[in-house]
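This is what each chain is made of:
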Amino acid sequence: MLRNLGREFRGNERPDEPYSRLVRNGAVILVEKTCGPPAGA
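Since the model is a prediction, treat every value here as computed from it, not as a measurement. (Residues numbered from 1 in each chain as written. Predicted model: local features only at pLDDT ≥ 70, side-chain atom pairs only at ≥ 80, totals over all residues. Heavy atoms only, no water.)

### Brief notes about the pattern of salt bridges
- The full count for this structure, using the stated rule, is one salt bridge.
- Residues Glu-17 and Arg-21 are paired through a salt bridge, measuring 3.6 Å at the closest nitrogen-oxygen approach. Of this pair, Glu-17 and Arg-21 both sit in helix α2 (residues 16–34), four residues apart, roughly one helical turn.
- Residue class for Glu-17 comes out partly exposed when judged on its relative accessible area of 43%.
- Given the relative accessible area of 42%, Arg-21 is considered partly exposed. (Salt bridge = Lys/Arg side-chain N within 4 Å of Asp/Glu carboxyl O. Helix = DSSP H or I, 4+ residues; strand = E, 2+ residues; numbered from the N terminus. Buried < 20%, exposed > 50% of the residue type's maximum accessible area, 1.4 Å probe, protein only.)

Structure (C-alpha cells):
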C-alpha cells in the first residue's frame, strides 16, 4: 500500500513534504493499529 502511494505521489510530480507527512502521521500509524501480528504469534 505504501509503495503504491509513493508511486502515485512521485508519478504525478507531487511535492515530497506532504507525502512524507502523510506517511509518517497517517498511513504508518493506521497500519500499526490495524495490522498487528497474528494472535498467538
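Anyway, onward from the coordinates.
### Structural notes on the packing of helix α1 (residues 2–11) against α2
- Running from amino to carboxyl end, α1 crosses α2 at an angle of 160 degrees, the nearest separation of the two axes being 10 Å. Between α1 and α2, the interaxial angle falls into the category roughly antiparallel. Read as a crossing pair, α1 and α2 show a hand that is right-handed. Only Asp-16, Pro-18, Tyr-19, Leu-22, Val-23, Ala-27 and Val-28 of α2 make contact with α1, whose side of the interface consists of Leu-2, Leu-5, Gly-6, Phe-9 and Arg-10.
- Among the residues forming the contact of α1 with α2, the class breakdown is nine nonpolar, one polar and two charged. (Axes fitted to C-alpha atoms, helices over the stretch in contact; angles between N-to-C directions. Parallel < 35°, antiparallel > 145°, perpendicular 65-115°, else oblique. Left-handed = near helix turned anticlockwise from the far one by under 90°. Contact = heavy atoms within 4.5 Å. Nonpolar A, V, L, I, M, F, W, Y, C, P; charged D, E, K, R; others polar.)

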